[in-house]
Amino acid sequence: MADVTDLRSVEALMLAAREAGPVVSVVHAGGTTDSADSPEAIVRARVLGTINVTAATLAVAGLGTTLVHASSAAATALPVLPRWVFRLAPADPEGLVATLTRLATLCPARRAPAAAHAISTSFLLGYTARMGEVFDSCGARLRSTPAESVVELCRHDLVPAA
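Each value, and the rule that gives it
Residues numbered from 1 in each chain as written. Predicted model: local features only at pLDDT ≥ 70, side-chain atom pairs only at ≥ 80, totals over all residues. Heavy atoms only, no water. Core = buried A, V, L, I, M, F, W, Y, C linked by side-chain atoms within 4.5 Å. Buried < 20%, exposed > 50% of the residue type's maximum accessible area, 1.4 Å probe, protein only. Helix = DSSP H or I, 4+ residues; strand = E, 2+ residues; numbered from the N terminus. Contact = heavy atoms within 4.5 Å. Salt bridge = Lys/Arg side-chain N within 4 Å of Asp/Glu carboxyl O.

A. Structural view of the nonpolar core. Core analysis: the largest hydrophobic core is formed by 31 residues, its most contacted members being Val47, Ile51, Leu96, Leu100, Phe123 and Tyr127. Counting residues per element, the ones that place at least two in this core are helix H1 (7-20), helix H2 (39-60), helix H3 (83-91), helix H4 (93-104) and helix H5 (112-137). Sort the elements by how many residues they give to this core and H2 lands first, with eight residues. Leave out the neighbours within four places in its chain, and leucine 96 touches Val47, Ile51, Val85, Leu88, Ala89 and Phe123.

B. Spotlight on the pattern of salt bridges. Scanning the entire structure with this criterion turns up three salt bridges. Across the pair arginine 44 and glutamate 94 runs a salt bridge, and its minimum N-O distance is 2.7 Å. Linking arginine 44 in helix H2 with glutamate 94 in helix H4, this pair joins segments that are 50 residues apart in sequence. For the salt bridge of aspartate 136 with arginine 143, the shortest nitrogen-to-oxygen distance reads 3.9 Å. One continuous salt-bridge network, built from bridges that share partners, spans Glu40, Arg44 and Glu94.

C. Representation of the environment of alanine 17 in the model. Among the structural elements, alanine 17 can be located in helix H1. For alanine 17, a relative accessible area of 33% gives the class partly exposed. Taking the C-alpha atoms as reference points, alanine 17 and valine 60, 43 residues apart in sequence, are found 9.0 Å from one another.

Encoded structure:
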């Protein structure tokens, strides 16, 4: 188990996994979904989690490794975040969290958690698309899928064969 907001924690988990054998699949389902959480907590868990899990997985990825980011439904995402937002991801993740949190808190306080989810989902989808090219060039894969799809896949795999 790792704290997805702490890069060292995620790196330690990935290194331990790699010591046990090749890392074939990683499902990142971290991030808060509680609407009672603060916008900053929501953005921090979802955005830093995405950045940290992506970086740590890429560091141990081999040919065929697949990373899946389970996200909220795409319908809750904003259409597009400005390109400069993605430049902050590797260079200044804390600055990115602060910037996206400020964006989320521009709306009325009761709507700020929903805005934080929408903004962080937009980031996750855009970042996954951009980093997918990096993974592809290494012979690995990076995908984003609705969390509900991951739950269904797991349920399907847990059902005993007839």
